[in-house]
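Structural characterization, general
One letter stands for each residue in the lines below.
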Amino acid sequence: RFLHWIFTEWSLGVVVVGWMQGNKDGPLKGLTVAVKDIFDLAGTKTGFGHPQWREQQRVSQSSAWAVRALLDSGATVVGKSFMDEFAWSLFGVNVHYGTPVNPAAPDRVPGGSSSGSASAVAAELASIGLGSDTGGSVRVPASYCGLYGIRPTHAAVSTEGALPLAPSFDTVGWLTR
């Protein structure tokens, strides 16, 4: 399922580490996903927006529940997206990897902490941006980049395979055009 193909779109906040093909008959067939670097993605390390954190992690053997649900529904994962370091900001700035461009307003920040996912969707590099939302981390970048951002009810979508910030508030969310 995972073809190794390396391509980088640094300025837009997504590193395409390969294609992970989803179910060929699912309702999301033909749609692509940029996965925030807070979620495990089989065959990659989860970096949490920090290079030294990433170096110390093991390669994930399986993908997070939300990633598997998207793949089972037919979506194709195109890469991991940048995020605020440790999900600690709503600006979308990362001192280690840089700030992803906001395609809707290139002279402004993209919002965070799901900044890379928002930037990738707004730039049409992905159809769906998978993110997490504890205090606005999907909703803020969605509003800054002119997207729809969904933060479902807490625990409506499993956070299994996602690094926690505040487990009592963490939710899995998504962004799209």
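Scroll up for the structure.
Each residue is numbered by its place in its chain's sequence as written, counting from 1. Residue-level local features of this predicted model are given only where pLDDT is at least 70; pairs of side-chain atoms are given and counted only at 80 or more, and the full residue set underlies all totals for whole chains, interfaces and linings. Neither water nor hydrogens contribute to the side-chain values; these are computed over all heavy atoms in the structure.

With that out of the way, let us pick up the overall build of the protein chain. Secondary structure elements are taken from DSSP: a helix is a run of H or I of four residues or more, a strand is a run of E of two residues or more, and numbering for both begins at the N terminus. Counting its regular elements, the protein chain contains four helices and seven strands. Secondary structure elements in the protein chain, listed N-terminal to C-terminal, are β-β-β-α-α-β-α-β-α-β-β. For the protein chain, buried positions account for 48% of its 177 residues. When the accessible surface of the protein chain is split by element, carbon and sulfur atoms take 57% of a total near 8,400 Å². Each residue is placed in one exposure class: buried if its accessible area under a 1.4 Å probe, protein chains only, is under 20% of its type's maximum, exposed if it is over 50%, and partly exposed if it falls in between. What sets the accessible areas is the Shrake-Rupley method with a 1.4 Å probe; for residues, cover comes only from the shown protein chains.

For helix α2 (residues 65-72), every residue scored as buried is listed here: Ala-66, Val-67, Leu-70 and Leu-71. End-on view of α2: buried residues confined to an arc of 135°, all on one side of the axis. Note that the arc is computed from the directions linking the helix axis to the C-beta atoms.

On to the nonpolar core. In this structure, Val-33, Val-35, Phe-39, Val-67, Val-77 and Leu-130 are the most contacted members of the largest nonpolar core, which totals 21 residues. Listing elements by their share of this core, those giving two or more residues are β3 (32-36), α2 and β5 (128-133). The element best represented in this core is α2, accounting for four residues. Nonpolar cores are built from buried Ala, Val, Leu, Ile, Met, Phe, Trp, Tyr and Cys residues. Side-chain atoms within 4.5 Å join them into one set.

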